[in-house]
Amino acid sequence: MQWLQKFMTGRYGTDPLNFALILLSLVLSIAFAMTPLGAIGSLIAMAPLLVAFLRMFSRNTARRARENRAFMKLWNPIQNWFRWLYLSVRYGKKNRYFLCPQCGRIACVPKGTGRVTITCKNCRLKYDKKA
Ligand SMILES: [Zn+2]
């Protein structure tokens, strides 16, 4: 395994964007398996996987990190929304959950509190909500 360690020295490795690309490749290959596209569909499904491997072995780590930051900027609001949905369904009887309109951080307020001004712990934005 020392050869692998030596090979990966100075290379970027993996990050959430690579994970998303691998997942996208998997979803595409399943989707194309249900269509009559066959080999062409498989090639299209392999493209994100190829990009993920190229990123993983890249030595331009600054650029890969920048790509990942751009991806996380897009992905975080989506992830926060799903987290908000989960919390609202799971603990919705006891608490109300609100997404900060500026940064998307979730705030929790006990149900029945009434009108409250929430100060976001992340960006310090103040917004009014009814819990
Ligand atoms: Zn905020």
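Model, not experiment: these values are computed from the prediction.

Participant: I'd like a rundown of the packing of helix H2 (residues 16–33) against helix H3 (residues 39–56), residues and numbers included.
Facilitator: Interaxial distance between H2 and H3 falls to 8 Å at its minimum, and their mutual angle equals 170°. Taken together, the axes of H2 and H3 lie roughly antiparallel to each other. Contact with H2, carried on its side by Asn18, Leu21, Ile22, Leu24, Ser25, Leu28, Ser29 and Phe32, involves Gly41, Ser42, Ile44, Ala45, Met46, Pro48, Leu49, Val51, Ala52, Arg55 and Met56 of H3 and no other residues of that element. Tallied by class, the residues present in the contact of H2 with H3 amount to 13 nonpolar, five polar and one charged.

Participant: Mind laying out the pairing of strand E1 (residues 95–99), listing which residues take part and the relevant values?
Facilitator: Pairing of E1 with strand E2 (residues 106–110) involves five bridges; the strand directions are antiparallel. Looking at E2, one finds that Phe98 is bridged to Ala107. The turn linking E1 back onto E2 is made up of six residues, and Gly104 within it adopts a positive phi angle of 90°.

Participant: Can you tell me about unusual backbone geometry, naming the residues and giving the values?
Facilitator: You will see that Arg124, though not glycine, has its phi angle at about 65°, which is positive. Following the sequence through the fold, Arg124 ends up in the loop between strand E3 (115–119) and strand E4 (126–130).

Participant: Pulling in residues and values, what's your account of the domain arrangement of the protein?
Facilitator: Domain parsing of the protein yields domain 1 (1–59) and domain 2 (78–131). Measuring from the centre of the C-alpha atoms in domain 1 to the corresponding centre in domain 2 gives 36 Å.

Calculation criteria
- Residues numbered from 1 in each chain as written.
- Predicted model: local features only at pLDDT ≥ 70, side-chain atom pairs only at ≥ 80, totals over all residues.
- Axes fitted to C-alpha atoms, helices over the stretch in contact; angles between N-to-C directions.
- Helix = DSSP H or I, 4+ residues; strand = E, 2+ residues; numbered from the N terminus.
- Parallel < 35°, antiparallel > 145°, perpendicular 65-115°, else oblique.
- Contact = placed C-beta atoms within 7 Å.
- Nonpolar A, V, L, I, M, F, W, Y, C, P; charged D, E, K, R; others polar.
- Pairing = 2+ DSSP bridges.
- Domains from an automatic or database assignment.

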